[in-house]
Amino acid sequence: KDHYLLEYSSSYVAETTSNWFRKRTSRTMKFSCLTLLATLALYSVDSFTPGKKTNNSFRRQISQKVISSEEVETYPAAARIINTPKFNEVCDTVGVTLTRFMDELSIHNPESRELTSLFGAVATACKAISNTVKRSQLPKSNTLGYEGAVNIQGEDQKKLDVITNDILKRALRFTGKLGVLASEEEDKPVDLAGKVSEEILYDQGDMFVAVFDPLDGSSNVDAGIPTGTIIGIYEHDGECVIDFECMPDCEEDEIVCMANTLQPGDKLVAAAYCLYSSSTFFVLTLGDGTYGFTLDENLGEFILSHPKIQMPETSSIYSMNESKSWQWDEPLQKVVDGWRRGTGKSGKTFTSRYIGSMVGDVHRTLLYGGVFGYPADQSSQNGKLRLLYEGSPMSYIIEQAGGLSTTGTQRVMEIVPSDVHQRVPIVMGSKNDVQEIIDAYAEAGAK
């Protein structure tokens, strides 16, 4: 099991799965039949009576359909709203697997059941990426170095950037729950087929939009520095009506409407990151707390190791690139200088801990408390981190753990992206320390 989970060759997985089921068909047939009968019993007889509408929640689990422009309006966004989930005691039990965690979520929150398969795919992709990163240092891996191409941000693409991007795309594409996705390594949002096609395949059930940074910190991977994957999940907006006649020559604004990725962070359904370091960590939030899992490589499963993470409200650590501190905004300079001297609001003398990999720095900040930031400076007046697939998902995780995230003047989660690759200055971390920065900007603005 562990071997074929980490090997992401689809042909190998298909062959292994087929053989597994062939050998066990006789054992599992009775159980499968009982399971089917139990499932059908959950739905009323009326759902299957001729002339009556089939139960939507059952129908969307068993069918898919290519929809036309006339049918878009029959699936309103209001029908797909996912509320703050409820968790039982199992979800707070150290040692429970991610699979069981998501199963419990779907039992107690039926409207969220489609997230189970989506995060199952994300977890499998993270295992595959973790294995790829570990093996990248081997002489024959052929995964280090540059690909020879440049991404949309003008950054040289490393081979691992491209490989990990493809792994996530494959994993998410075949869940049947995803409408479109946007990635750091893609020029613009892509649909399920990876291109703007004449017909777009939509699941009849809940549709999601995935945004991700496949390998944050990839510039450090050659030196063995921790790297990570960042993922954000939004609902697909059924009110965004597509003019199918424009394809494949749609205008940019129509493509943006179709992709539906430009949503503020407070519209996120879920967010997660995977950290590839001394262990492989999977941290996620579904809107009611932040949970941390650690990969048990012997079992091939993510195990809950940090239930309901709560950040310390005050800390004594900050993580910023101080080589550019003289270029920061004056309010931020004053606060950080006070932290160094021990004259800040907390009275503590701060220490600096900076890796240069966002996932690594945020993970430490999440567990130990502190402030992580990549503020604006003279060379990057809008900051360097991307709002959609770095800033918003990580801000959601931090806020759900009791922290704050700001640009200094605005809550990051409230910013509506104007572009898929829009950059913003970001400071996030322990509540009281980040609030000190917010107050400093407010005081400077009032003068």
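These lines cover the structure that appears in this document, whether it is placed above or below. Keep in mind it's a predicted model, so treat the numbers as computed, not measured.

What follows concerns the overall build of the protein chain. Counting its regular elements, the protein chain contains 11 helices and 19 strands. Restricting to contacts in the protein chain with at least 6 residues of sequence separation, those with at least 24 account for 69%.

What follows deals with the nonpolar core. The biggest cluster of nonpolar side chains holds 42 residues, and the ones touching the most others in it are Phe 119, Phe 282 and Leu 286. By residue number, the principal contributor to this core is helix H5 (residues 114–135), which donates 10 residues. Residues within four places of Phe 119 in sequence aside, it is in contact with Met 102, Ile 233, Ala 270, Ala 272, Phe 282, Leu 284 and Leu 286. Membership of the second largest hydrophobic core comes to 34 residues, among which are Val 211, Tyr 234, Val 420 and Met 428.

This part is about the packing of aromatic side chains. The tally for this structure, following the rule as stated, stands at 8 aromatic pairs. Summarising the aromatic geometry, the rings of Trp 339 and Phe 350 are spaced 4.7 Å apart at their centres and angled 10° between planes, so their arrangement reads as stacked. Here the residue Trp 339 occupies a position in helix H8 (residues 330–341), and Phe 350 occupies one in the loop between H8 and strand E14 (351–352), the gap between them amounting to 11 residues. Exposure class is identical for Trp 339 and Phe 350. Each is buried. By the ring-pair criterion, three or more aromatic residues cluster together here, those being Phe 87, Phe 101, Tyr 291 and Phe 293.

Where helix H4 (residues 98–108) contacts H5, the two axes come as close as 9 Å, and the packing angle between them is 165°. Accordingly, the angle class assigned to the pair H4 and H5 is roughly antiparallel. Like other packed secondary-structure pairs, H4 and H5 cross with a definite hand, here right-handed. For the pair H4 and H5, the contacting residues are Leu 98, Met 102, Asp 103 and Ser 106 in the first and Leu 115, Thr 116, Phe 119 and Ala 123 in the second. For the contact of H4 with H5, the class distribution of residues is 5 nonpolar, 2 polar and 1 charged.

The next point concerns helix H9 (residues 358–368). Burial analysis of H9 places 9 of its 11 residues in the buried class, which makes it a mostly covered element. Taken residue by residue, H9 has Met 358, Val 359, Gly 360, Asp 361, Val 362, His 363, Arg 364, Thr 365 and Leu 366 as its buried positions. Just past H9, the residue Gly 369 takes up positive phi, approximately 85°.

Tracing the backbone shows Gln 263 in the loop between helix H7 (252–259) and strand E9 (268–276). There is a polar contact of 3.0 Å between the side chain of Gln 263 and the backbone oxygen of Glu 235. If we skip the residues at most four places from it in the chain, Gln 263 touches Tyr 234, Glu 235, Leu 388 and Pro 417.

Conventions used here
- Residues numbered from 1 in each chain as written.
- Predicted model: local features only at pLDDT ≥ 70, side-chain atom pairs only at ≥ 80, totals over all residues.
- Heavy atoms only, no water.
- Helix = DSSP H or I, 4+ residues; strand = E, 2+ residues; numbered from the N terminus.
- Contact = heavy atoms within 4.5 Å.
- Core = buried A, V, L, I, M, F, W, Y, C linked by side-chain atoms within 4.5 Å.
- Buried < 20%, exposed > 50% of the residue type's maximum accessible area, 1.4 Å probe, protein only.
- Phe/Tyr/Trp six-rings, centres within 6.5 Å; stacked < 30°, edge-to-face > 60°.
- Axes fitted to C-alpha atoms, helices over the stretch in contact; angles between N-to-C directions.
- Parallel < 35°, antiparallel > 145°, perpendicular 65-115°, else oblique.
- Left-handed = near helix turned anticlockwise from the far one by under 90°.
- Nonpolar A, V, L, I, M, F, W, Y, C, P; charged D, E, K, R; others polar.
- Polar contact = N/O pair within 3.5 Å; in protein donor to acceptor, adjacent residues only side chain to side chain.

Geometric values such as these leave the question of function open.
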